[in-house]
Amino acid sequence: MAQDVEMADVMRSNGKIYVVVAVIAILFIGLMIYLIRIDKKVQKLEE
Amino acid sequence: MKLKWWKILGIVLVLYSIIAGLLMPVPKLNILNETIRNLYFHVTMWFSMIILMLMSLIQSIRYLSSFDKLRDLKAESLASTGMFIATLGLTTGMVWAQFTWGAFWVNDPKLNGAAVTMLIYLAYFILRNSIENEDTRARVSAIYNILAFVMMIVFIGILPRMTDSLHPGNGGNPGFGNYDLDSNMRMVFYPAVIGWILLGSWIAQLSYRIKVLEINKENN
């Protein structure tokens, strides 16, 4: 039965999953900002 | 801000895959439960590695037809980024295995094939380091790169499908592509793969540009 397979419904129902998503998204965006900065520095050196 | 469109697209697609990957519905399957969402990250790593290694192969072949040293540098950067991504794929796979199969590693053709592939590419870098002469190094490693790519296809694409395997998609197990990967998952998986290929290409490009800067500095 599909309903018998345990999923993370508790996390979803109490909204905590959004905290997890937000944390991971912030980490990822932070890393991407770092990557962009490195790219800009390399661009500057190339001129 | 002089940032190429494809880099921004890579960021957007991966960010989307993180958010949608955790929030959108997935098939409810025993043993996997929510870990099926790892498809968007673990499997994506391997797909990206294959594409990066393919790009590296192309640069190696182009080098052999032109002896343009820059192409050899590109091949090296792409292969090293591919190795890094493969390491991420391997470690995420091990974590996933521990929770679903009960062990970090099993004696399985796909897993062993992936490990062997990584060793083969590791040898590419060791080979490069062992040759002093620039032209010889570029030539020999370009040829080795071709062999390495073919071996990769054999070890992770062909052999695992021919025998018993625990890994999805091999040894008679339905792959995620067959019926588990429903259209909901495809909506996240395909953008994720494209996004990570773009990000991987970006990292490889940065590695290449820095190598070029280093060489120019040496020559001046």
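Computed from a predicted structure; not experimentally measured.

Trainee: Looking at this structure, how should I read the overall build of chain A?
Mentor: Within chain A, the secondary structure is distributed over two helices and zero strands. The principal-axis extents of the C-alpha atoms in chain A amount to approximately 60 × 20 × 5 Å. A total of 47 residues make up chain A; the buried ones form 0% of that total.

Trainee: What is the right way to look at the nonpolar core in this model?
Mentor: The nonpolar side chains of soluble globular proteins are, as a tendency, buried together. All names here are of chain B. Ranked by internal contacts, the top residues of the largest apolar core, which has 53 residues, are Met49, Met53 and Ala192. At the level of secondary structure, the elements contributing two or more residues to this core comprise α1 (5-23), α2 (42-66), α3 (69-100), α4 (109-130), α5 (134-162) and α7 (183-219). The element that contributes the greatest number of residues to this core is α7, accounting for 14 residues. Once you skip the residues sitting within four places of it in the chain, Met49 turns out to touch Gly82, Ile85, Ala86 and Gly89.

Trainee: Would you take a moment to explain the interface of chain B and chain A for this structure?
Mentor: How big an interface is tends to be expressed through the accessible area that disappears when the partners come together. Facing 18 residues of chain B, the contacting portion of chain A comprises 19 residues. If you list the elements that add at least two residues to the side of chain B that touches chain A, you get α1 and α7 of chain B. Of the residues forming the side of chain B that touches chain A, the biggest block, seven residues, is contributed by α1 of chain B. Of the residues belonging to the side of chain B that touches chain A, the class tally is twelve nonpolar, two polar and four charged.

Trainee: Explain helix α2 (residues 16-46) of chain A here, please?
Mentor: An α-helical turn contains 3.6 residues, so a residue and the one three or four places further along point in the same direction. In this model, α2 of chain A (31 residues) spans 46 Å end to end at C-alpha, consistent with the 45 Å of a helix rising 1.5 Å per residue. The buried fraction of α2 of chain A amounts to zero of the 31 residues, a small share that puts the element mostly on the outside.

Trainee: Would you mind showing me how to read unusual backbone geometry here?
Mentor: Keep in mind that most residues, glycine aside, have a negative phi and that most peptide bonds are trans. All names here are of chain B. Even without glycine at this site, Ile31 takes up a positive phi of about 70°. Residue placement: Ile31 occurs in the loop between α1 and α2. The phi angle at Asn33 is positive, at roughly 50°, despite the residue not being glycine. Tracing the backbone shows Asn33 in the loop between α1 and α2.

Trainee: It is not clear to me how the packing of α3 of chain B against α4 of chain B should be interpreted in this structure. Could you clarify?
Mentor: Geometrically, a packed helix pair is captured by the angle between its two axes and the distance between the axes. Residue and element names in this part refer to chain B. Closest axis-to-axis distance for the α3/α4 pair is 11 Å, and the angle between their directions is 150°. Crossing handedness for the pair α3 and α4: left-handed. Contacts between α3 and α4 involve Glu76, Ala79, Met83, Ala86 and Leu90 from the first element and Ala114, Met118, Tyr121, Tyr124 and Arg128 from the second. Residues belonging to the contact of α3 with α4 are distributed by class as follows: eight nonpolar, no polar and two charged.

Analysis parameters
Residues numbered from 1 in each chain as written. Chains lettered and ligands numbered in written order. Predicted model: local features only at pLDDT ≥ 70, side-chain atom pairs only at ≥ 80, totals over all residues. Helix = DSSP H or I, 4+ residues; strand = E, 2+ residues; numbered from the N terminus. Buried ≥ 20, exposed ≤ 12 C-beta atoms within 10 Å, placed from the backbone. Core = buried A, V, L, I, M, F, W, Y, C linked by C-beta atoms within 7 Å. Contact = placed C-beta atoms within 7 Å. Nonpolar A, V, L, I, M, F, W, Y, C, P; charged D, E, K, R; others polar. Expected span 1.5 Å × (residues − 1). Axes fitted to C-alpha atoms, helices over the stretch in contact; angles between N-to-C directions. Left-handed = near helix turned anticlockwise from the far one by under 90°.

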